[in-house]
Amino acid sequence: MPLHMPSLSKAATIPTHIAVPLALINLASFVSQIIQIGVIDTLLPLALTNAGLGERHGGMMLSLYWIADLIGGFFVAAVLRKTHPVIPLVVSGLSFFTLIIVVMYAPQSAFVLPATLFAGVGLILRWVVCDGLIVQLAPRDKLGRVVGFHETLMGLGIVLGPILIGWFGSDAFAMSGIALAAAIIPLFCAVAMPRLEMTSTQKGAGAALRRWIDHWDLVLIAFVAGFVEICFLSVLPLQSQRDTGLAEAGLWLAAVFVFGGTICQPLVGYVSDKSGPIKLAWLCFGLLLVGAVPMALAGYGITAAIILFALGVAVAGLYTAAVLIAASGRGKGQGAGGGAGQGYQVGVLVIVSQSYTLGAIVGPSAGTSLLVMIGNWALPVLVLLAAGISVLLLMMRRTTPAPGT
């Protein structure tokens, strides 16, 4: 039976009027991610430590950055309901450009604290705008692959940040120029973006708390993703330094960990499109549970790299699953094609980003504390606890509606 190539081609493509805005959103999100996650998470503590303020001070500022991101999430829906994406992206770009300027030229000044808090708010604005527009525009039958591609770019942005610091980290003018370019590019992209539909999102603290309670499973999945990811990135170099006297092996494994989650996102999205995001989440939890103990026994060679690669896929897959479950409307009668459905989705996406952020705040402290207590079993124990408790709680949930499952 001959293949009908025209119909296959049509099924594999996205219409131009949707593909162009999606490409602009991806570009805006990618260049912002390089600075907001890749650069700031590394440069902020490093620059403050090198300025003589100490490692603890730098770590505290980085925690405040994420705390501001978390708190800002409670207000972002109200902001996005009233503005075009240009406005929050202007604020976002200005915020991280300001922080880079302050950190590079005046790391010991009193301006570091307000600049850090401002940048954290800018992060959540860009995060929700771009994630919300992605799920608003993506065709329903290709949503997993579209989100997977978007998350791949996010991972590449994180990887590029430390590379830029390695090349230009001591050159204040160059770093400032890079930050300025990263702030300007999203503004040109935003002009051609549609408005983010927020009409149905309920207002008030009570409505926000209700969404957290109604979607506790999403909170759990995204929290574990942020907890494990940032825990690994902060602990692996320290663990390697304790075991071998050098941090390089841990840095290499951390890069493999991030790389695994980055390049496999399209595959993760494909699995979700075929089997559903709930099954994707279960598969990712299974990978974490299977890989935890072998990771403690693998050392720092090729076997450890393979295990860390797989665990990186699992962690990235958890966050993608949470985004896709939120985008599905959760069976609340919110359609995928109208303003009400999109407003509902974006409100839940705020919860996903906040939950990941909460995990990112807790993870490094838990990981480093346990590293001091039990050595290189710290990460396996934390993974087993996080994934194991999550699986038990999710099994207790009697009904978890999701399309395609």
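Remember, it's a predicted structure, so these values are computed and weren't measured experimentally.

1. As for the side chain of Asp131
At step 1: Examined against the element boundaries, Asp131 turns out to sit in helix α5 (residues 112–137).
At step 2: At 6.4 Å, Arg126 is the nearest oppositely charged side chain to Asp131, a buried residue that forms no salt bridge.
At step 3: Setting aside residues no more than four positions away along its own chain, Asp131 makes contact with His150, Glu151, Tyr319, Val323 and Leu349.

2. Regarding helix α11 (residues 265–275)
At step 1: Turning to α11, its buried residues number three or more, namely Gln265, Val268, Gly269 and Ser272. The buried side chains of α11 occupy one side of the element, clustering within an arc of 100° when seen end-on. Residues of α11 that are exposed and point over 90 degrees away from its buried face: Leu267 and Lys274.
At step 2: Where α11 ends, the next residue or the one after it, Gly276, has phi of about 100°, a positive value.

3. Focus: the confidence of the model for the protein
Low pLDDT means the predicted atomic positions in that stretch should not be read closely.
At step 1: Residues of the protein with pLDDT of at least 70 account for 84%, and the chain-wide mean is 79.
At step 2: Helix α1 (residues 5–12) is the least confidently modelled element of the protein, averaging 39 in pLDDT, while helix α4 (residues 86–105) averages 94, the highest of any element.
At step 3: When the criterion is pLDDT under 50, residues 330–343 qualifies, and its contacts beyond four places in sequence or with other chains add up to 37 contacts.
At step 4: For residues 399–405, every residue scores under 50 in pLDDT, and the model assigns this stretch 15 contacts once sequence neighbours within four places are set aside.

4. Quick look at the state of the cysteines
At step 1: Overall, the coordinates contain zero disulfides when judged by the stated rule.
At step 2: Free cysteine Cys130: the closest other cysteine sulfur is in Cys189, separated by 9.0 Å.
At step 3: Under the relative-accessibility criterion, Cys130 is labelled buried at 0%.

5. Here we look at the environment of Cys231
At step 1: Tracing the sequence through the fold places Cys231 in helix α9 (residues 216–244).
At step 2: On the basis of relative accessibility, which here comes to 1%, the residue Cys231 falls in the buried class.
At step 3: Each C-alpha atom of the pair Cys231 and Gly359 lies 8.8 Å from the other, and the pair is 128 residues apart in sequence.
At step 4: Aside from chain neighbours lying at most four places away, what touches Cys231 is Gly226, Gly363, Pro364, Gly367, Leu379 and Leu382.

So, how was this worked out
Residues numbered from 1 in each chain as written. Predicted model: local features only at pLDDT ≥ 70, side-chain atom pairs only at ≥ 80, totals over all residues. Heavy atoms only, no water. Helix = DSSP H or I, 4+ residues; strand = E, 2+ residues; numbered from the N terminus. Buried < 20%, exposed > 50% of the residue type's maximum accessible area, 1.4 Å probe, protein only. Lys, Arg positive; Asp, Glu negative; His and termini not counted. Salt bridge = Lys/Arg side-chain N within 4 Å of Asp/Glu carboxyl O. Contact = heavy atoms within 4.5 Å. Arc of directions from axis to C-beta. pLDDT = per-residue confidence, 0-100. Disulfide = S-S within 2.5 Å.

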